[in-house]
Amino acid sequence: MLDFTNSLELKTVDLDKINGNNNTNSVILGCQMCDTVPAKDGQTVPKKIIPASSKDTETQALFVDAFLQNNRLDHVVQLMGYHPQYLECFLRTQQYLMKGDGALPFHYRHYIAIMAASRHMCTYLVHLHEQEFILQGGDPEWLKGTSHVPKKLRDLNELNKLLAHRPWLICKSHIQKLARSTNSKDNWSISELVQALILMAHFHSLCSFVYGCGIKSEIDHNGGFTYRPQSPVEKNANDFDSSDSSSTNGDINSEPEVGIELLMERMKKLVEEGEEETTQEERVKRFEKVESQSVEIAANTVRPSPKAEVLKYVDDAEYCYQDFAKRNSVEDIPTFRATDYSWEDHGFSLSNRLYMDIGNQLEDKFSVATNMTYYTMGEVRDVDTTAFRRAIWSYIHCLYGIMHDDYNYGQVNQLLERNLKAYIKTMTCYPERLTRKDYDNVMREFKHSEKVHVNLMLLEARFQAELLYALRGVMQFMT
Ligand SMILES: CC(C)C[C@H](N)C(=O)O
């Protein structure tokens, strides 16, 4: 069961206060997108990421930790700095995954990160981990591509691909194939495999965050990711009527946005009406309705052309997300019922058993991501945002065919408008297709820090969805 009831009351890092007299132009501006705030002299001041010299002591301490951990203060961390409580859990988990106890050698962990990020062509993460791979004593030959690595690592290709795009296809046989390969040198122990699966899911979902927030390449990296520039065709379409924000690619922004006021009214109504008595059958019907409607929600269709520097790490680059609702009837994959296999009752203990302490770390991170609230929405204060946050989480799980029996999916349609659903779908399933315009044109009345908050929830919900399928496969193999 998802617990969105224990709200974790927080304060956002007050960027304006932090910036104070600072000249924000002097910090590395890691993100391409930005809000602008009027400065005293009437000019606008960019408001993008938390500056490295944050005056918020908690954030500052976390930045110091991050610097020591990663040998740099990267843009992901600076952006997550808006939400220090989350950043703290994120850094702790990532530190444990990459540098803590675990079955896999350190250079393997970074190579797996490279392979995972490559599924979404995320040069930003690929470059970061190529450097770390070398620092951990990895063989530079391996950076020529997966054809240069030991078979054991190459064997992860299939699982990496399924986990990233269609995790519902993962079953016992995929785990068995790796854990019981005939040549013992290439065998994966179950502990190694669990660590690899968690690493892959971690980096797939981190790609969603990197693209979702338009994180720019580090200053010492060539190229790297920024929001995908518009193709000439898209550009012309926009030039054609630049005043019309609906003239964008795909489905995003095809209708006017529901403002915060209306959203709040709807949330209030839901609270007033209380829990509606519904039968299980009715709940399943509502889930299936949202699921089949999601097929109609067209994510951006324009795919960026893949770069050779990343393609070398990818097998079957064309393979991508396909709507769960459109899954092949031959495969006969049923909806994943969270009552049958949930993080709380199953995944948590299995992961803890096979990879010491990871369950606790992930539990903390999930808990912050689901409960984090500032009781604000845009400029409005004292708002209970539980229903909205829960709708986002549930919608992402729905895209992966995961149903929570205790949730009324009717709320997804009441609270998430089509534009937002399209953004969520693109960011979760095809993050490499996001454009700057998508970011700018969705949740328009939200503050930048709130958009980052939504992005963090997307990251964690996707991560948990992948993890549930992966751990269920491991469990099937072990029983
Ligand atoms: C994502 C945002 C709408 C969250 C909101 N600012 C809150 O405090 O819960």
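Residues numbered from 1 in each chain as written. Predicted model: local features only at pLDDT ≥ 70, side-chain atom pairs only at ≥ 80, totals over all residues. Heavy atoms only, no water.

As recorded in an unreviewed UniProt entry, the protein chain goes by the name Sestrin-1, listed as coming from Azumapecten farreri. Comment text from UniProt for the protein chain, heading Subcellular location (unreviewed entry), reads "Cytoplasm". Quoted verbatim from the Catalytic activity (unreviewed entry) heading of the UniProt record, the comment on the protein chain is "a hydroperoxide + L-cysteinyl-[protein] = S-hydroxy-L-cysteinyl-[protein] + an alcohol". (UniProt positions renumbered as here; feature names shortened; annotations may be inferred.)

Enquirer: Just checking my understanding: could you explain the overall build of the protein chain for this structure?
Expert: Counting secondary structure elements, the protein chain contains 21 helices and 8 strands. Restricting to contacts in the protein chain with at least 6 residues of sequence separation, those with at least 24 account for 76%. Put simply, the protein chain shows about 19700 Å² of open surface, and 50% of that area lies on carbon and sulfur atoms. (Helix = DSSP H or I, 4+ residues; strand = E, 2+ residues; numbered from the N terminus. Contact = heavy atoms within 4.5 Å. Areas by Shrake-Rupley, 256 points an atom, 1.4 Å probe, with all protein chains shown as cover.)

Enquirer: Would you explain the packing of aromatic side chains in this entry?
Expert: Pairs of aromatic rings are described using the distance from one ring centre to the other and the angle between the two planes. Throughout the structure, instances matching the rule amount to 20 aromatic pairs. Note on Trp168 and Phe324: the rings are 5.1 Å apart at their centroids and 85° apart in plane angle, and the pair reads as edge-to-face. Taken together, the positions of Trp168 in the loop between helix 8 (157-165) and helix 9 (172-179) and Phe324 in the loop between helix 14 (308-311) and strand 4 (336-337) put the pair 156 residues apart, joining distant regions of the chain. Here Trp168 matches Phe324 in class, with each residue buried. An aromatic cluster is built from Tyr108, Tyr111, Phe133, Trp142 and Tyr313, whose rings are joined through pairwise contacts. The aromatic ring of Trp188 is capped on one face by Lys152, whose charged end is 5.0 Å from the ring centroid. The cationic tip of Arg327 hangs over the ring face of Phe324; the distance from NZ or CZ to the ring centre is 3.9 Å. (Phe/Tyr/Trp six-rings, centres within 6.5 Å; stacked < 30°, edge-to-face > 60°. Buried < 20%, exposed > 50% of the residue type's maximum accessible area, 1.4 Å probe, protein only. Lys NZ or Arg CZ within 6 Å of the ring centre and 35° of its normal.)

Enquirer: Even after reading the chapter, I still don't get the site of the ligand, so can you show me in this structure?
Expert: Surrounding the ligand, one finds Thr373, Tyr374, Tyr375, Thr376, Met377, Thr385, Arg389, Phe446, Glu450, His453 and Val454. Contact between the ligand and Thr376: a nitrogen atom at 2.7 Å from a main-chain N or O atom of the residue. Relative to its free-state accessible area of 280 Å², the ligand is covered by the protein chains to the extent of 100%. Elements that contribute at least two residues to the shell around the ligand include exactly strand 6 (376-377) and helix 21 (448-478). Ranked by residues supplied to the shell around the ligand, first place goes to helix 21 with 3 residues. (Near = heavy atom within 4 Å. Polar contact = N/O pair within 3.5 Å; in protein donor to acceptor, adjacent residues only side chain to side chain.)

Enquirer: Would you mind showing me how to read helix 2 (residues 57-70) here?
Expert: Think of an α-helix as 3.6 residues a turn; residues three or four steps apart then line up on the same face. Compared with an ideal rise of 1.5 Å per residue, which puts 14 residues at 20 Å, helix 2 spans 20 Å between its outermost C-alpha atoms and is within 8% of the ideal. Considered for burial, the residues of helix 2 that qualify are Thr59, Leu62, Phe63, Ala66, Gln69 and Asn70. Around the axis of helix 2, the buried residues are gathered within 125° of arc, so they sit on the same side. Exposed and facing more than 90 degrees away from the buried side of helix 2 are Thr57 and Leu68. (Expected span 1.5 Å × (residues − 1). Arc of directions from axis to C-beta.)

Enquirer: I tried to follow a nonpolar patch on the surface on my own but got confused; where do I start?
Expert: On the surface, Val64, Phe67 and Leu68 cluster together to form a nonpolar patch covering roughly 310 Å² of accessible area. Along the polypeptide, Phe67 turns up in helix 2. (Patch = residues over 30% accessible without salt bridge, like charges linked within 9 Å, V, L, I, M, F, W, Y side chains within 5 Å. Salt bridge = Lys/Arg side-chain N within 4 Å of Asp/Glu carboxyl O.)

Enquirer: Even after reading the chapter, I still don't get the domain arrangement of the protein chain, so can you show me in this structure?
Expert: Frequently, the measure chosen for interface size is the accessible area removed from exposure when the parts meet. According to the domain assignment, the protein chain consists of domain 1 (57-213) and domain 2 (260-300 + 316-478). Summarising the inter-unit geometry, the C-alpha centres of domain 1 and domain 2 are found 22 Å apart. Taken residue by residue, the interface counts 51 residues in domain 1 and 54 residues in domain 2. Considering only the surface of domain 1 that becomes buried against domain 2, His83, Tyr86 and Trp168 emerge as the three largest contributors, covering 17% of it. When the shortest N-O distance is used, the salt bridge between Lys161 and Asp316 registers 2.9 Å. For the pair domain 1 and domain 2, the number of links is 20 residue pairs in polar contact (both at pLDDT 80 or more). Counting only elements with at least two residues in the side of domain 1 that touches domain 2, the list comes to helix 3 (75-80), helix 4 (84-99), helix 8, helix 9 and helix 10 (190-212). Counting residues per element, the side of domain 1 that touches domain 2 draws most heavily on helix 10, at 17 residues. Taken together, the residues of the side of domain 1 that touches domain 2 sort by class into 30 nonpolar, 14 polar and 7 charged. (Domains from an automatic or database assignment. Buried area = accessible area lost by both parts, 1.4 Å probe. Nonpolar A, V, L, I, M, F, W, Y, C, P; charged D, E, K, R; others polar.)

Enquirer: Just to check I follow, could you spell out helix 5 (residues 106-118) for this structure?
Expert: Helix length check: helix 5 (13 residues) gives 19 Å between terminal C-alpha atoms against 18 Å at 1.5 Å per residue, within 8%. Of all 13 residues making up helix 5, 11 are buried, and the element is well covered by its neighbours. In this structure, the buried residues of helix 5 make contact with helix 4, helix 6 (123-135), helix 7 (151-154), helix 8, helix 10 and helix 14.

Enquirer: What exactly am I supposed to notice about the state of the cysteines here?
Expert: Defined simply, a disulfide is a covalent bond joining two cysteines at their sulfur atoms. Summed over the entire model, instances satisfying the criterion amount to 0 disulfides. Free cysteine Cys398: the closest other cysteine sulfur is in Cys429, separated by 11 Å. (Disulfide = S-S within 2.5 Å.)

Enquirer: For this particular structure, what's the right way to read the packing of helix 8 against helix 10?
Expert: Helix packing for two helices is described by the angle between their axes and how far apart those axes are. Two numbers describe how helix 8 lies on helix 10: the axes approach to 10 Å, and their chain directions differ by 45°. Put simply, helix 8 runs oblique to helix 10. Where helix 8 crosses over helix 10, the handedness of that crossing is right-handed. Note on element contacts: helix 10 touches helix 8 through Leu193, Leu197, Met200, Ala201 and His204, opposite Leu159, Asn160, Leu163 and Ala164. Split by residue class, the contact of helix 8 with helix 10 holds 7 nonpolar, 2 polar and no charged. (Axes fitted to C-alpha atoms, helices over the stretch in contact; angles between N-to-C directions. Parallel < 35°, antiparallel > 145°, perpendicular 65-115°, else oblique. Left-handed = near helix turned anticlockwise from the far one by under 90°.)

Enquirer: What's the story with the confidence of the model for the protein chain in this structure? I'm lost.
Expert: The predicted structure's coordinates, where accompanied by low pLDDT, should not be read in detail. For the protein chain, per-residue confidence averages 83 on the pLDDT scale, and residues scoring 70 or more make up 81% of the total. Within the protein chain, strand 2 (residues 35-38) has the poorest average pLDDT of any element, 37, and helix 5 the best, 98. (pLDDT = per-residue confidence, 0-100.)

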